[in-house]
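A look at the structure
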Amino acid sequence: MLRNKPLLLTILAILVLARFVLVPLQQQQQAQYQQLDALTKRLQRSEALLQQKQKLALLQTEQQQYLDQLLQPFPVVANSSQYRLQLQQQLQKLATAQGASVTFFDWLSDTPLQVFNLQRSRVSLRVKGTAANVMLLHTQIEQQFPHFMFRDIKASWRGVLNQDSEIELTLLFEADYLLQEAS
C-alpha cells in the first residue's frame, strides 16, 4: 500500500487541481462565451436597427414629399377671415375681367377636416352677365381654383338663351385650404 501512496497522492492532487482550478476556469470561460454571444446578438440587432433607421428615414422623406405634393393645390392662409376677404376680392376681380359682376358672395360655413390642418368652407356665389361671359368666368374659376368642389350650379335667364342673353349663375362650392399653424 505504501507503494501506491505517491500514485494516490498524485491522482488526488490532479483531482483537486481539476476540481478547484480547472472546473472554475472552464465555468468562467463558459460564462464569458455566453456573455460574448449575447453581446454579439445585441450588436447584430443594433446594426439591423441602424440599417432600418436609414430605410425609415428615406421612406419618411419620400412620404413627406408625397404629402407636400398632395397638399400643394391648397392655399395656405394665416386665418379664415382674411382668406374670406381675399377670395371674395379675387372672384370679383376675375368676374370683372370676364365682363361679369358678382352680385352675391356668402361664406356659409367653415369646417375643420381634422387632418393636416385642412379647413373646408362652403361658399355661395352669384354672378351676372351675358351667357358667354358668365360661362367663360365659370371656366376660369374651375381652372384657377382647383381646390374648389362645385356642389350646385343654377342658372336663370329670360327668353331665348343665346350667347348675348343676360343670365344669372348661382354657384355653391366648397373651398379647401390649409390653416397655417401658429408658431
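My aim in this report is to walk through the structure given alongside it, one point at a time. (Residues numbered from 1 in each chain as written. Predicted model: local features only at pLDDT ≥ 70, side-chain atom pairs only at ≥ 80, totals over all residues. Heavy atoms only, no water.)

A word on the overall build of the protein chain
- For the protein chain, the helix and strand inventory stands at three helices and five strands.
- For the protein chain, the succession of helices and strands along the chain, N to C, is α-β-α-β-β-α-β-β.
- Against the 2.2 N^0.38 benchmark of 16 Å for 183 residues, the protein chain shows a C-alpha radius of gyration of 40 Å, more extended than a compact globule.
- By its C-alpha atoms, the protein chain is 140 × 30 × 20 Å across when sized along the principal axes.
- The contacts in the protein chain between residues at least 6 apart in sequence include a share of 65% that link residues at least 24 apart.
- Element-wise, carbon and sulfur atoms account for 55% of the exposed surface of the protein chain, whose accessible area totals about 13600 Å². (Helix = DSSP H or I, 4+ residues; strand = E, 2+ residues; numbered from the N terminus. Rg over C-alpha atoms; globule rule 2.2 N^0.38 Å. Contact = heavy atoms within 4.5 Å. Areas by Shrake-Rupley, 256 points an atom, 1.4 Å probe, with all protein chains shown as cover.)

A short note on the packing of helix α2 (residues 80-97) against helix α3 (residues 131-144)
- α3 packs onto α2 with a crossing angle of 140 degrees between their chain directions and a minimal axis gap of 10 Å. When the interaxial angle is binned, α2 and α3 end up oblique. Our pair here, α2 against α3, has a crossing hand that is right-handed. On α3, the residues touching L91, L94 and A95 of α2 are L137, Q140, I141 and Q144. (Axes fitted to C-alpha atoms, helices over the stretch in contact; angles between N-to-C directions. Parallel < 35°, antiparallel > 145°, perpendicular 65-115°, else oblique. Left-handed = near helix turned anticlockwise from the far one by under 90°.)

Topic: the side chain of S165
- Locating S165 in the fold gives a position in the loop between β4 (148-157) and β5 (166-179).
- Within the structure, the side chain of S165 is placed 2.8 Å from the backbone nitrogen of N162, a separation counted as a polar contact.
- Apart from residues lying up to four places away in sequence, S165 is in contact with G129, T130, A131 and V160. (Polar contact = N/O pair within 3.5 Å; in protein donor to acceptor, adjacent residues only side chain to side chain.)

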